[in-house]
Amino acid sequence: MLPALPLLVAGTIATPALAASVTITITQIKVAEYHRPYVAGWVEPVAGGNARTIFVWYDVKKAGREPGTKWLADLRTWWRKGGSSMKMPADGLTGATRAPGSYTVAIPANLPAGQYVLKVEAARETGGRELVSVPFSVPAKGGSASGKTELGTITIR
């Protein structure tokens, strides 16, 4: 996802409204055959309701008989929460897989006030699968949680 660009408004600099941002850490796993994980992140109300995908990282350039979208179903929880009905690529939400490291993504500002859970799921070819949940609230009260294998610390600010 591209970083938010500042906008010039009546001589002042303003940035698009954000409820929060989330930093996702993909861990470096020392194995003979490493494949970058597919990763999806979504927000859902604690009390139940529709899930809202905020990002999906997958092999967008894989074409041919088995396009990269074929393995999105390996992100099982996200797939069941609404990923199966998404048309890929989704403008502003999808992007290429990421190498190990930390990445920051915006959580949209138009979430109504309330309690939410950010869920981040990762699945890797010849590797593992992991789901990390981070509770947060709007207005802003962030949180963090850590994965054990595929994902490192997930922090909401």
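- As recorded in an unreviewed UniProt entry, the chain goes by DUF2271 domain-containing protein and comes from Novosphingobium barchaimii LL02.

### A short note on the confidence of the model for the chain
Consideration 1: The predicted model of the chain has a mean per-residue pLDDT of 86, with 87% of residues at 70 or higher.
Consideration 2: Per-element confidence in the chain is highest for strand 4 (residues 38-45), whose mean pLDDT is 97, and lowest for strand 1 (residues 7-9), whose mean pLDDT is 37.
Consideration 3: In the model, residues 1-16 has pLDDT below 50 throughout and makes 14 contacts with residues more than four positions away in sequence or in other chains.

### Details of the environment of aspartate 59
Consideration 1: Within the secondary structure, aspartate 59 is located in the loop between strand 5 (52-57) and helix 1 (76-81).
Consideration 2: Residues within four places of aspartate 59 in sequence aside, it is in contact with Tyr38, Gly68 and Thr97.

### Side note on the pairing of strand 5
Consideration 1: Counting buried residues in strand 5 gives 5 out of 6 residues, a clear majority hidden from the surface.
Consideration 2: As paired strands, strand 4 and strand 5 are joined by 5 bridges and run antiparallel to one another. Bridge pairing in strand 5 links tryptophan 42 to threonine 53.
Consideration 3: Counting the residues that bridge the hairpin from strand 4 to strand 5 gives 6 residues, and of these glycine 48 lies at a positive phi of roughly 100 degrees.
Consideration 4: Of the strand pairs in this sheet, strand 5 and strand 6 (residues 94-95) are connected by 2 bridges, and their pairing is parallel. Bridging from a neighbouring strand, tryptophan 57 pairs with glycine 95 of strand 6.

So, how was this worked out
- Residues numbered from 1 in each chain as written.
- Predicted model: local features only at pLDDT ≥ 70, side-chain atom pairs only at ≥ 80, totals over all residues.
- Heavy atoms only, no water.
- pLDDT = per-residue confidence, 0-100.
- Helix = DSSP H or I, 4+ residues; strand = E, 2+ residues; numbered from the N terminus.
- Contact = heavy atoms within 4.5 Å.
- Buried < 20%, exposed > 50% of the residue type's maximum accessible area, 1.4 Å probe, protein only.
- Pairing = 2+ DSSP bridges.

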